[in-house]
Amino acid sequence: MRSEMRLIRARERYGALLTASITVLILEAVLGGIALTVWTWTQVSPDLPYNAMNYVFWAVMAVVLAVVGVVAIAVASVGLVIPLAQVAGWLGRAWWWIPVVAASVSLAPVFGWALAHHAGFRGALGMWLAAAAGWAVPALVVRRLLLPDRPRIGGGAMFGWLALYGTLAVVTAVALAGIGRWAGIGYEPPRMSVERLAGTWTDGEGGTLVLGKDGRATATGLNMYDFEGTKEECSGAGSWSYQPGGGAWDQGVRVTVEGCESGFSWEFYGTEEQPRLFSYIGDPDSWDTYELERRG
């Protein structure tokens, strides 16, 4: 009878450990996704369009990734987080043993992977610290359940507390991200002008576009694409005009070249020091772009 009770208690305890670890890892994944989204807002990239099919695709992918992610998180809890908390407990009762063990275990594989993929030392250091923190936080929560001199907490109670505080953290993160977006935090393309656009632009493969300050344009070996993505090489003389639009994302350049069936419509991205022109290859929803960079 006593052995059965011990077995039941051991199962309940392990269930509480597993529940705590999975809950914290899920919260970390959600908060990390919010942080990643905010980071992407600051990155230099074209303003790619979205349509209904894009949203459907990402909605389906979100469900698939959620299912796969929960399974991966459960495996990580069993194979990494709970053993990490137990090993740290064997080394000593001080809480700081957990980040020490997490950092030690993560060092070789994370640095090896990062350097093999040419992430550089700073990139490898950042990934190592992120990985160590990612394992250490749920392990610290699990540690609370392993301490014999602390009041016992069941899995349901632990889940309730974590869900409550985790929801508050997610809501706060979303609100801060929304405020930042509303305040204008994020990337915008450089403001162009006729003077800044005048010069030679190249696609890096032999195609060039020369824009003169007098409004004349000369194309040599440039690619043109119709809505189906069919390519046509265009060379010749013509004209161009700068269209300032109502904001940084609305500005563009219109180029008309004699002998080419249709004109070029270019948009901007890049930086103040290195602006780029781009046009879509076929349907804009494909996100394929043809780009020119400033050469002179």
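Reading guide: rules and limits
- Residues numbered from 1 in each chain as written.
- Predicted model: local features only at pLDDT ≥ 70, side-chain atom pairs only at ≥ 80, totals over all residues.
- Heavy atoms only, no water.
- Helix = DSSP H or I, 4+ residues; strand = E, 2+ residues; numbered from the N terminus.
- Contact = heavy atoms within 4.5 Å.
- Polar contact = N/O pair within 3.5 Å; in protein donor to acceptor, adjacent residues only side chain to side chain.
- Buried < 20%, exposed > 50% of the residue type's maximum accessible area, 1.4 Å probe, protein only.
- Expected span 1.5 Å × (residues − 1).
- Salt bridge = Lys/Arg side-chain N within 4 Å of Asp/Glu carboxyl O.
- Pairing = 2+ DSSP bridges.
- Axes fitted to C-alpha atoms, helices over the stretch in contact; angles between N-to-C directions.

Visitor: Lay out the environment of Arg294 with the relevant residues and their values.
Guide: Tracing the backbone through its elements, the reader meets Arg294 in strand E8 (residues 289-294). Remark: the alpha-carbon pair of Arg294 and Leu209, spanning 85 residues in sequence, is separated by 9.6 Å. Once residues lying within four places of it in the same chain are set aside, the contact partners of Arg294 are Arg196, Leu197, Ala198, Gly199, Thr200, Trp201 and Pro275. One polar contact links the side chain of Arg294 to the main-chain carbonyl oxygen of Ala198, over a distance of 2.5 Å.

Visitor: Please provide a residue-by-residue account of the environment of Glu293, values included.
Guide: Structurally, Glu293 is set in strand E8. The exposure class of Glu293 is partly exposed, given its relative accessible area of 36%. Sequence spacing of Glu293 and Thr200 is 93 residues, and the spatial spacing of their C-alpha atoms is 8.6 Å. Other than its neighbours up to four places away in sequence, Glu293 contacts Thr200, Trp201, Thr202, Pro275 and Arg276.

Visitor: Please provide a residue-by-residue account of helix H4 (residues 120-146), values included.
Guide: With 27 residues, H4 ought to run about 39 Å at 1.5 Å a step, and its terminal C-alpha atoms sit 38 Å apart, in line with that. Every buried residue of H4 is listed here: Ala124, Trp128, Ala132, Gly134, Ala136, Pro138, Ala139, Val141, Val142, Arg144, Leu145 and Leu146.

Visitor: Explain the side chain of Ser279 to me, and be specific about the residues and the numbers.
Guide: Within the element layout of this structure, Ser279 appears in strand E7 (residues 275-280). Discounting residues that sit within four places of it in the chain, Ser279 has contacts with Ser265, Trp266, Asp288, Thr289 and Tyr290.

Visitor: How would you explain the pattern of salt bridges if you had to name every residue and give the values?
Guide: By the definition in use, this model includes four salt bridges. With its nearest N and O atoms 2.8 Å apart, the salt bridge here joins Arg196 to Glu272. Taken together, the positions of Arg196 in helix H6 (residues 194-197) and Glu272 in the loop between strand E6 (264-270) and E7 put the pair 76 residues apart, joining distant regions of the chain. Across the pair Arg216 and Asp214 runs a salt bridge whose closest N-O atoms are separated by 3.6 Å.

Visitor: Would you mind going over the sheet that holds strand E3 (residues 216-225) in detail, with residue names and values included?
Guide: On the basis of which strands lie adjacent, the closed barrel formed by eight strands has the order E1-E2-E3-E4-E5-E6-E7-E8 and antiparallel pairing. Averaged over all pairs of adjacent strands, the angle between strand axes in this sheet comes to 35°, irrespective of strand direction.

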